[in-house]
Amino acid sequence: MKAAVIGAGWAGLAASVALREAGAKVTVFEAGHTPGGRARRVFHTEFDAPLDNGQHLLCGAYRQTLALMRRVGRNPDALLMRRPLRLASLDGRFRLAAPRLPAPLHMAVAILGARGLSWADRLAMLRLMRGLKAMSWTPPRDWTVQQLLHYHAQSDALIGQLWEPLCLAALNTPPAAASAALFARVLRDSLAGRREDSDMLMPCTDLSALWPDAAARQVTMRYGSTVRQLRPSDDGIDVNQERFDAAVLAVPPTFAARLLDAPLREAGAAGLLNALKAFDYLPIATLNLRLAEPWRLPEPMMMLREEAARGHVGQWLFDRAQLAGDTRAGELAVVASNAVGIAERNRRQAIEALIDQVAEQAASHPARMSAMPEVTAAELFIEKRATFAAVPGLTRPLNTTPWPTLALAGDWTDTGYPGVLEGAVRSGLQAASVLARASAEAPA
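Nothing here was measured: the structure is a model prediction, and the numbers come from that model.

## A few points about the environment of T45
- Considering the arrangement of structural elements, one finds T45 in the loop between β3 (41-42) and β4 (51-52).
- By relative accessible area, T45 is classed as exposed at 79%.
- Considering only alpha carbons, one finds T45 and L57, 12 residues apart in sequence, at a separation of 25 Å.

Dropping the structure here:
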């Protein structure tokens, strides 16, 4: 099979790996010049090492991603810092840590021993987990996360301290609008499975080096190549007037709709075209900071307390120097999900407010951390279409299309997950499987 993959994000590269393993000759078309898509390496002149266009966190439940890394010769144990679930606020007021005990005992102990929560809130957390299990982790499809939390009597303090940051991290959508079904799926896989599934996995290298670089080396890459023409048929597909036996379209749904507008109309597939056009998107902002001297955080990843009126809208803080094992540098990354306010604000003011948020909350830590050193470089990345808005009732396309020669891939397809890296990988593998089945069933 001569196969084309359009888009070198995590979904497209996962598809290319599976197609190559199935014996296909794979060509990947990528408009940019770095593999990884919305989770890729970027460079900035004031930083010694490559940055990422957005800081990402994986978890132990990401089985397909971890397996794919091994398939392309990358060792997750060497490239990812694995830590038991530990959520701790920079100001020291909240901490939830799971011990190395068998599941589900590890979560029960973590909840009952949480710092900064009343006993009523700890019992409410256990009640929510039991309630989700009783409904087979499948709340009504039209419920929002906020409705789910209120139904299980979670207090406003508990929602603000824990559930809202987790919802934003997983779905990049505020609880009042986010899908309860998708949030429940994330909680089920990460908190209600094996103890290892709840582990936090933090990249110790840039996201392209994690595995996309290795995957790209195994196929023919055409960087700087924008696909402007796509003509699928039952016996092949034309990509920029070049003939292929099959193709995986692994681009955001807006671009997929643009490429497939005429073919889908001709095929009478108005439903799929409308589904591709129905997505809304939300931004994620990542502020990378270089400090004048080393400054180690108590944990490699810490929670930040929000105060939107002051521009303190970061939710998570990563110690990038600690993750890279560099004791001579001070380097941080502040992450703000649903970053609509940052995208609309003066850039310099947004950066200063986030720096102030980190410095102020670190000064409140009971361990009496040293004062935050001077910031010598700051780079703010705003991925304006970081994820789709994970709202209830959203119709997400399958990997199949009206043509057996064309499959769709992306975290926006119907993976059962929100727009996370594991969903993208699973989608790419499934798209390759769709083409492989179609090829096997085609008449000789």
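There is more to say after this.
## Digging into the side chain of Q357
- Mapped onto the elements of the fold, Q357 is located in helix α15 (residues 347-363).
- Relative accessible area serves as the criterion here: at 0%, Q357 is assigned to the buried category.
- What Q357 contacts, discounting residues up to four positions off in sequence, is L304, R305, E306, H312, V313 and G314.

## Considerations on the nonpolar core
- In terms of nonpolar packing, the biggest core is built from 76 residues, with L87, W163 and L249 touching the most fellow members.
- Here the element with the most residues in this core is helix α7 (residues 156-171); it accounts for 8 residues.
- Dropping the residues within four chain positions of it, W163 is found in contact with M125, L128, L149, Q154, L158, F183 and L187.

## Describing unusual backbone geometry
- Residue P104 follows A103 across a cis peptide bond; omega there is -5 degrees.
- Tracing the backbone shows P104 in the loop between β8 (95-97) and α4 (105-112).
- For S136, which is not a glycine, the phi torsion comes out positive at approximately 55 degrees.
- Note that S136 resides in the loop between α5 (119-134) and α6 (145-151).
- The class of S136 is exposed, set by a relative accessible area of 53%.
- The phi dihedral of N338 is positive, around 45 degrees, even though this residue is not glycine.
- Looking at the secondary structure, you find N338 in the loop between β18 (331-337) and α14 (340-344).

## Let's talk about helix α2 (residues 63-71)
- Residues of α2 that are buried include every one of T65, L66, L68 and M69, and no others. Take α2 and look down its axis: the buried residues cluster within an arc of 160 degrees, on one side only.

## Examining helix α12 (residues 270-277)
- Along α12, the residues that are buried comprise L272, L273, A275 and L276. Projected down its long axis, α12 shows its buried positions confined to an angular sector of 160 degrees, all on one face. Across α12 from its buried face, at more than 90 degrees, point the exposed residues G271 and N274.
- Buried residues in α12 make contact with α11 (253-266) and β20 (406-408).

What counts and how
Every chain's residues receive numbers from 1 upward, in the order its sequence appears when written. A pLDDT threshold of at least 70 governs which residues receive local features in this predicted model, and a stricter bar of 80 or more applies before side-chain atom pairs are shown or counted, although totals over entire chains, interfaces and linings include all residues. With hydrogens and water set aside, each side-chain value is computed from the structure's full complement of heavy atoms. Numbering of helices and strands runs from the N terminus, with a helix taken as a DSSP run of H or I at least four residues long and a strand as a DSSP run of E at least two residues long. Accessible area is worked out with a 1.4 Å probe on protein chains only. A residue is then buried under 20% of its type maximum, exposed over 50%, and partly exposed in between. What makes two residues a contact is simply this: any of their non-hydrogen atoms within 4.5 Å. For our purposes a nonpolar core is just a set of buried Ala, Val, Leu, Ile, Met, Phe, Trp, Tyr and Cys residues, chained together by side-chain atoms within 4.5 Å. Arc definition: it is the arc formed by the directions from the helix axis to the C-beta atoms.

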